[in-house]
Amino acid sequence: SGDYLDFSEHKVHVECKQQFFDQTRERCAHCDEPIARAEGRFCGKALAYGAGVIVHVECKEAHLAANAQLCLHCSEPVCPTEGKFSGTFYQLDASKGGAGGQTHSECWDDYRARRASQRRRRSSANSVETSQAAAAATAAAASSTTPARDDGTTGDAVVH
């Protein structure tokens with residue numbers, strides 16, 4: 001058309017305005033689409049998560065889920081999920097003997113019960129292994145002693 005829009009350092013054809021805006025607008029960190037209103041897709045509002053991370057309001061849940069740690073108990077993302085998870089969680093510190101990671105507060109009791117059960121099983125298995133090792137050691141010690149002689153004595157030297 002020959003008509004131009006003047007944007008500080010750029011002149012843009014009126015017909016190219018939308019394409020120019022799409023190219024120069026900030027982009028959603030989740031879907032990589034421009035932060036703008038798109039009928040039936042985006043309302044045009046965005047949320048900032050610091051350090052230049054901006055997502056469409058509509059992409060918030062998917063972005064949080066895609067970038068969240070997984071729960072040590074249920075293996076689902078540790079983030080708010082409507083009707084399921086509040087978003088609160090327990091942080092387990094690996095340096096203090098924990099598994100290192102996160103569990104949903106809703107999973108915490110089940111996680112602790114499962115860990116206690118695993119520790120009991122390990123402890124029980126270690127006890128069985130220790131008992132078996134002790135029995136094997138006793139049997140080995142018994143078989144390594146000098147066998148009884150025909151005269152009912154044991155040992156290497158028999159004095160008459």
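Above: the structure in question.
Computed from a predicted model, the values in this text were never measured in an experiment.

Colleague: Outline the packing of aromatic side chains, listing residues and values.
Modeller: Inspection of every chain in the model, using the stated rule, returns two aromatic pairs. Look at Tyr 90 and Trp 108: their rings are 4.2 Å apart centre to centre, the planes differ by 20 degrees, and that puts the pair in the stacked class. With Tyr 90 in strand S7 (residues 89-92) and Trp 108 in helix H3 (residues 108-144), the pair connects residues that are 18 residues apart, well separated along the chain. Among the residues examined, Tyr 90 registers a relative accessible area of 36% and is labelled partly exposed. Look at Trp 108 and Tyr 111: their rings are 5.9 Å apart centre to centre, the planes differ by 25 degrees, and that puts the pair in the stacked class. Of the two residues, Trp 108 and Tyr 111 both sit in helix H3, three residues apart, roughly one turn of that helix. When sorted by exposure, Trp 108 lands in the same class as Tyr 111, which is buried.

Colleague: Break down the pattern of salt bridges for me, citing the residues and quoting the values.
Modeller: Following the criterion strictly, the structure yields three salt bridges and no others. Measuring nitrogen to oxygen at the nearest pair gives 3.7 Å for the salt bridge that ties Arg 27 to Asp 32. Take Arg 27: its relative accessible area is 38%, and that puts it in the partly exposed class. With a relative accessible area of 48%, Asp 32 lands in the partly exposed category. For Arg 37, the salt bridge identified is with Glu 39, shortest N-O distance 2.8 Å. Since its relative accessible area comes to 59%, Arg 37 is described here as exposed. Judged by relative accessible area, Glu 39 falls into the exposed class, the value being 69%.

The rules we used
- Residues numbered from 1 in each chain as written.
- Predicted model: local features only at pLDDT ≥ 70, side-chain atom pairs only at ≥ 80, totals over all residues.
- Heavy atoms only, no water.
- Phe/Tyr/Trp six-rings, centres within 6.5 Å; stacked < 30°, edge-to-face > 60°.
- Helix = DSSP H or I, 4+ residues; strand = E, 2+ residues; numbered from the N terminus.
- Buried < 20%, exposed > 50% of the residue type's maximum accessible area, 1.4 Å probe, protein only.
- Salt bridge = Lys/Arg side-chain N within 4 Å of Asp/Glu carboxyl O.

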